[in-house]
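Read off the chains here:
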Amino acid sequence: MAKSIISPFPPPLAASGRLPGRDAVLFRSQDRVAMKRIKTGDNAVCGCTASNRAELNEFCRRDLFLFGVSSSLIMAFPPSGLCEEADEVKMDSVVDEINAYSYLCPMQSKQFKFKWVESRKPERYSSAAPLSPDARLRIVSERVDFIDNLIISVTIGPPNSQFIKSKDKSTWGAKEVADSVLSDKSALRVTSSQRVAESSILDAHSSEVDGEPYWYYEYLVRKSPTKYAQETNIYRHYVASTAERDGFLYTLNASTLSKQWDKVGPLLQRTASSFRLLPGTENYVPPSKDPWRFW
């Protein structure tokens, strides 16, 4: 027995004014198209008169017109999900061959067009600016967007034995790594515990990438980065990613004002997640090489 094929479009009326034996009439119900099959007789459609058939014919033509219009609108105005996919954030790859790492830097999104300034060009650990009086933690590169108040920086320094006591990095917890990095991140002559007290860790977790552990954490710094911010509840909101190589911690920090976090925070999180240590090239200078050389 042959199978009947239902066309997505209603069949035209025959010259006699009768519809063929098993016809499909297109009905739209919200965003779905339902097919309704109608059985016809010799002189009537479901017991309808000639005036009913004319009205049905008009309905079919109107339905075809609406179907065509709706299809055009869908093509002109795609669903929101498609719009979001089309509005992908533009990210540029940043590679530092001197210290052998890379990350993705946000350049443009639907709401922002960032204007980055390279405030500190990549340099070797020995000549980099220290972040603490003991010069353990040093900033090897930094870029700033002054308009949107964003900072992306990379620091290198040895683990702090006060928080990380084991040499086996597979046993290190994300909170321990975060405390180790933050304890050395201060230009003030204060103790490590006082430096940690300046920050409030919101989240810390670890993940394995290509067989190596990476530690991710999010934290607030209880001080405003600008002299124009008078409110006491404005903090600096950071997201960071840390990896270890040859006895040194490599950390990417990305931050903005806390009041802007909801808008640009997801972009900075993508930057932190993209941070990777790379195999050394001929331009790579390990931190242990001439650590006190300043030229």
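Chains are numbered independently. Their residues run from 1 in the order of the written sequence. Local features are withheld for residues below a pLDDT of 70 in this predicted model, meaning they are given only at 70 or higher, and side-chain atom pairs are given and counted only at 80 or more; totals for whole chains, interfaces and linings count all residues. Excluding hydrogens and water, the side-chain figures rest on all heavy atoms present in the structure.

The name that an unreviewed UniProt entry assigns to the protein is PsbP C-terminal domain-containing protein, with the source organism given as Kalanchoe fedtschenkoi.

Glancing now at the layout of surface pockets. Looking at the second largest pocket, its volume works out to about 160 Å³. Here a cavity is any set of points on a 1 Å grid over the protein atoms alone where a 1.4 Å probe fits but cannot get out, and a pocket is any open set with protein on both sides within 12 Å along at least 5 of 7 lines; a residue lines the site when it has an atom within 4 Å of a point. If you trace the second largest pocket, you find it lined by Lys 169, Val 209, Asp 210, Glu 212, Pro 213, Tyr 214, Ala 243, Glu 244, Arg 245, Arg 276 and Leu 277. Counting from the N terminus, the helices are DSSP H or I runs at least four residues long and the strands are E runs at least two residues long. Of all the secondary structure elements, the ones that give two or more residues to the lining of the second largest pocket are strand S10 (212-221), strand S11 (236-245) and strand S13 (276-277). Grid points are joined across faces, edges and corners, and a volume is the space filled by probe spheres set on the points.

Moving on, we get to the sheet that holds S13. Only strands joined by at least two bridges in the DSSP assignment are considered to pair. Strand order in the open sheet formed by three strands is S3-S4-S13, with antiparallel pairing between adjacent strands. Where the open sheet ends on each side, the last strands, each with one partner, are strand S3 (90-96) and S13. Relative to strand S4 (residues 101-108), S3 runs antiparallel, the two being bridged by seven bridges. Counted as the bridge partner of Met 91 is Pro 106 from S4. By definition, residues are in contact when any of their heavy atoms lie within 4.5 Å. Every angle, taken between N-to-C directions, lies between 0 and 180 degrees, and every axis is a line fitted to C-alpha atoms, over only the stretch in contact when it is a helix. Lying over the sheet, helix H5 (residues 261-273) contacts S3, S4 and S13, oriented at roughly 160 degrees with respect to S4.

In this section: the packing of aromatic side chains. Paired rings are identified among Phe, Tyr and Trp, the last through its six-membered ring, by centres lying within 6.5 Å, and are further divided according to the angle between planes into stacked (under 30 degrees), edge-to-face (over 60) and tilted (the rest). Here the structure, examined in full by the defined rule, presents eight aromatic pairs. Between Tyr 101 and Phe 275, the aromatic rings sit 5.8 Å apart at their centres with planes inclined by 50 degrees, giving tilted as the arrangement. Note that Tyr 101 is positioned in strand S4 and Phe 275 in the loop between H5 and S13, a separation of 174 residues in sequence. Where Tyr 125 meets Phe 248, the ring centres are 5.5 Å apart and the plane angle is 65 degrees; that geometry is what we call edge-to-face. Of this pair, Tyr 125 sits in the loop between strand S5 (117-120) and strand S6 (129-130) while Phe 248 is found in strand S12 (residues 248-257), placing the two residues 123 residues apart along the sequence. The class for Tyr 125 is buried, based on a relative accessible area of 6%. Three or more aromatic residues joined by ring pairs form one cluster here, namely Tyr 101, Tyr 103 and Phe 275. Counting as a charge over the ring demands two things of the Lys NZ or Arg CZ atom: a distance within 6 Å of the ring centre and an angle within 35 degrees of the ring normal. One cation-aromatic arrangement involves Arg 138 over Tyr 125; the distance from NZ or CZ to the ring centre is 4.5 Å. Think of it in three bands: residues with accessible area under 20% of the maximum for their type are buried, residues over 50% are exposed, and the middle band is partly exposed, with areas taken using a 1.4 Å probe on protein chains only.

A complete count under the given rule lists one cavity of 30 Å³ or more for this structure. Put simply, the largest cavity is a space of about 50 Å³. Lining the largest cavity we find Leu 137, Gly 157, Pro 158, Ser 180, Val 181, Asp 184 and Leu 249.

With that settled, the discussion passes to unusual backbone geometry. Phi angles above zero are rare outside glycine, and Asp 210 is one such case at about 55 degrees. Structurally, Asp 210 can be placed in the loop between strand S9 (199-209) and S10.

Residues enter a nonpolar core if they are buried and are Ala, Val, Leu, Ile, Met, Phe, Trp, Tyr or Cys, with the set joined through side-chain atoms within 4.5 Å. Core analysis: the biggest nonpolar cluster contains 34 residues, and Tyr 103, Leu 252 and Phe 275 have the highest contact counts within it. Where this core is concerned, the elements lending two or more residues are S3, S4, strand S8 (150-157), S10, S11, S12 and H5. In terms of residues, this core owes the most to one element, H5, which gives five residues. If near-sequence neighbours (up to four positions away) are discounted, Phe 275 is found in contact with Tyr 101, Ser 102, Tyr 103, Tyr 214, Ser 241, Tyr 250 and Leu 252. By size, the runner-up hydrophobic cluster in this structure holds 15 residues, among which are Trp 172, Trp 215, Val 221 and Ala 240.

One speaks of a salt bridge when a side-chain nitrogen belonging to Lys or Arg is within 4 Å of a carboxyl oxygen belonging to Asp or Glu. Going through the model one piece at a time under the given rule, you end up with four salt bridges. With its nearest N and O atoms 2.7 Å apart, the salt bridge here joins Lys 169 to Glu 212. Of this pair, Lys 169 sits in the loop between S8 and helix H3 (174-183) while Glu 212 sits in strand S10; the two residues are 43 residues apart in sequence, bridging distant segments of the chain. Among the residues examined, Lys 169 registers a relative accessible area of 21% and is labelled partly exposed. For the salt bridge of Asp 179 with Lys 175, the shortest nitrogen-to-oxygen distance reads 2.8 Å. Remark: Lys 175 and Asp 179 occur in helix H3; sequence separation between them is four residues, near one turn of the helix.

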